[in-house]
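So you can see what is in the structure, the chains are spelled out below.
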Amino acid sequence: MTMELNLHGEPRAVDTIAALEQALQEARALAQCELWLTLAMDAEQGPALCMLRNGGNAWLMYLSGQDDLSFHSLGDEEADGACSYLLANGQVDEYPEAWCIDVEECQRAFVAFFKTGGARPAAIEWEAD
């Protein structure tokens, strides 16, 4: 199985756990990043997982594919405030800190997404958008 990984605007094919872990290592070295992993399907957009990260703050978004269902990670619901994230296109977006989870937890979710062929990672608490 091959998935497309896009690390802050630079796409590449990923077909092994080792290749995915190498890309996750590169993402860990960046202070801020936008990281996508998408299951490529014939002429259709498959499921996708996205991590936005700014230092120790990170959150995940899961897109199911064709049915337009989307979910975001849910961290500390008591957290107040917002965190800004630099997107690959240079835009800066803000999202609630309540959506933030541990960066390592995000990276484990990418491995789970890859291993299950694009299923929503079960270890993450999700909220529908």
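See the structure above.
Residues numbered from 1 in each chain as written. Predicted model: local features only at pLDDT ≥ 70, side-chain atom pairs only at ≥ 80, totals over all residues. Heavy atoms only, no water.

(A) Here's a closer look at the overall build of the protein chain. For the protein chain, the count of helices and strands is 2 helices and 9 strands. Ordered by position from the N terminus, the helices and strands of the protein chain form the series β-β-α-β-β-β-β-β-β-α-β. For the protein chain, the C-alpha radius of gyration of 14 Å lies close to 14 Å, the compact-globule estimate for 129 residues. Buried residues in the protein chain amount to 42% of all 129 residues. Within the protein chain, contacts between residues at least 6 apart in sequence are counted, and of these 54% link residues at least 24 apart. Summed over all atoms, the accessible surface of the protein chain reaches about 6700 Å², with 48% contributed by carbon and sulfur. Taken together, the 6 basic and 23 acidic charged side chains of the protein chain have centroids lying 10 Å from each other. (Helix = DSSP H or I, 4+ residues; strand = E, 2+ residues; numbered from the N terminus. Rg over C-alpha atoms; globule rule 2.2 N^0.38 Å. Buried < 20%, exposed > 50% of the residue type's maximum accessible area, 1.4 Å probe, protein only. Contact = heavy atoms within 4.5 Å. Areas by Shrake-Rupley, 256 points an atom, 1.4 Å probe, with all protein chains shown as cover. Lys, Arg positive; Asp, Glu negative; His and termini not counted. Charge placed at Lys NZ, Arg CZ, Asp CG, Glu CD.)

(B) Inspection of the packing of aromatic side chains at higher detail. In total, this model carries 7 aromatic pairs according to the counting rule given. Ring geometry for W59 against Y95: centres 4.5 Å apart, planes inclined by 50 degrees, an arrangement best described as tilted. Taken as a pair, W59 in strand 5 (residues 57-63) and Y95 in strand 8 (residues 92-96) lie far apart in primary sequence, 36 residues in all. The class for Y95 is partly exposed, based on a relative accessible area of 22%. Through a chain of ring-to-ring contacts, the aromatic side chains of W59, Y85, Y95 and W99 assemble into a single cluster. Positioned over the ring face of F71 is R120, at 3.9 Å from the centre of the ring. (Phe/Tyr/Trp six-rings, centres within 6.5 Å; stacked < 30°, edge-to-face > 60°. Lys NZ or Arg CZ within 6 Å of the ring centre and 35° of its normal.)

(C) Quick peek at the pattern of salt bridges. Per the counting criterion, the structure on display carries 2 salt bridges. Where E104 meets R28, a salt bridge forms, and the shortest distance between an N and an O atom there is 3.4 Å. Taken together, the residues span a long stretch of sequence, with E104 in helix 2 (residues 103-115) and R28 in helix 1 (residues 17-28) at a distance of 76 residues. The exposure class of R28 is partly exposed, given its relative accessible area of 30%. (Salt bridge = Lys/Arg side-chain N within 4 Å of Asp/Glu carboxyl O.)

(D) Molecular detail of a negative patch on the surface. Together, D76, E77, E78, E125, E127 and D129 line one region of the surface with negative charge. Tracing the chain through its elements places E127 in strand 9 (residues 126-128). (Patch = residues over 30% accessible without salt bridge, like charges linked within 9 Å, V, L, I, M, F, W, Y side chains within 5 Å.)

(E) Structural detail: the side chain of R53. In this fold, R53 is placed in strand 4 (residues 44-54). Among buried charged residues, R53 stands out as having no salt bridge; its nearest opposite-charge side chain is E104, 7.8 Å away. In terms of polar contacts, R53 uses its side chain to reach the backbone carbonyl oxygen of R28, at 3.3 Å. Polar side-chain contacts of R53 include one of 2.7 Å to the backbone oxygen of L30. (Polar contact = N/O pair within 3.5 Å; in protein donor to acceptor, adjacent residues only side chain to side chain.)

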